[in-house]
Structure formats: structure tokens, C-alpha cells
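What follows is the residue order along each chain.
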Amino acid sequence: MNERERLFWIGIRKAMIEFIRAIEIRYGLESAIVTNAQRKALHRGGCIPGDGIDTEQLNR
């Protein structure tokens with residue numbers, strides 16, 4: 001994948017995330033976006049950030 005194509009897909013991803021956030025805010029929904037820290041925690045079988053666990057602990 002060349003640099004131009006990579007930047008295109010990064011832009012698409014950012015636009016989609018902003019679109020999802022706008023819908024979440026408009027309708028008062030919980031976030032459907034999974035962060036990298038949440039993804040790592042799920043792969044390790046741990047807890048999800050935001051459920052009372054310090055996210056700094058997850059990065060160790």
C-alpha cells in the first residue's frame with residue numbers, strides 16, 4: 001500500500017469515528033468505539049477500561 005492510499009484510509013477511518021461519535025452524542029448512546037487499551041484488555045482476558053480499573057494499569 002502506498003503512502004497516498006494509507007492516508008486515504010486513515011482519513012476514512014477518522015471520518016467514520018467522528019460520525020459514530022455524533023450519533024452516540026445525539027441519541028445518548030454508550031460508545032461503540034473500542035479503544036486500543038480496551039482491545040488489549042479483551043485479548044488478555046482482563047477487564048475493560050472505564051469499569052473502575054485505572055487504564056494505566058492496562059498498559060503495563
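Residues numbered from 1 in each chain as written. Predicted model: local features only at pLDDT ≥ 70, side-chain atom pairs only at ≥ 80, totals over all residues. Heavy atoms only, no water.

## A look at the pattern of salt bridges
Stated formally: Note on definitions: salt bridges are taken to be side-chain nitrogens of Lys or Arg within 4 Å of carboxyl oxygens of Asp or Glu. Per the convention used, a helix needs a DSSP run of H or I reaching at least four residues, while a strand needs a run of E reaching at least two, with both numbered from the N terminus. The buried label applies to any residue whose accessible area, calculated with a 1.4 Å probe on protein chains only, is under 20% of its type's maximum; exposed applies above 50%, and partly exposed to all values in between.
Evaluated as defined, the whole model comprises two salt bridges. Between Arg21 and Glu18 there is a salt bridge whose closest N-O contact spans 3.2 Å. Here Arg21 and its partner Glu18 are both found in helix α1 (residues 3-27), three residues apart, which amounts to about one turn of the helix. Its relative accessible area of 47% is what places Glu18 among the partly exposed residues.

## Considerations on the packing of aromatic side chains
Quick note on the threshold: The criterion for an aromatic pair is that two Phe, Tyr or Trp rings (for Trp, the six-membered ring) have centres within 6.5 Å, with stacked assigned to planes under 30 degrees apart, edge-to-face to planes over 60 apart and tilted to the rest. Two limits define a charge over a ring: the Lys NZ or Arg CZ must be within 6 Å of the ring centre, and within 35 degrees of the ring normal.
The full count for this structure, using the stated rule, is one aromatic pair. Arranged with centres 4.9 Å apart and planes meeting at 75°, the rings of Phe8 and Trp9 form a pair that is edge-to-face. Residue classification places Phe8 among the partly exposed positions, given a relative accessible area of 45%. In this arrangement the basic side chain of Arg26 is found over the ring face of Tyr27, its NZ or CZ atom lying 5.0 Å from the centre.

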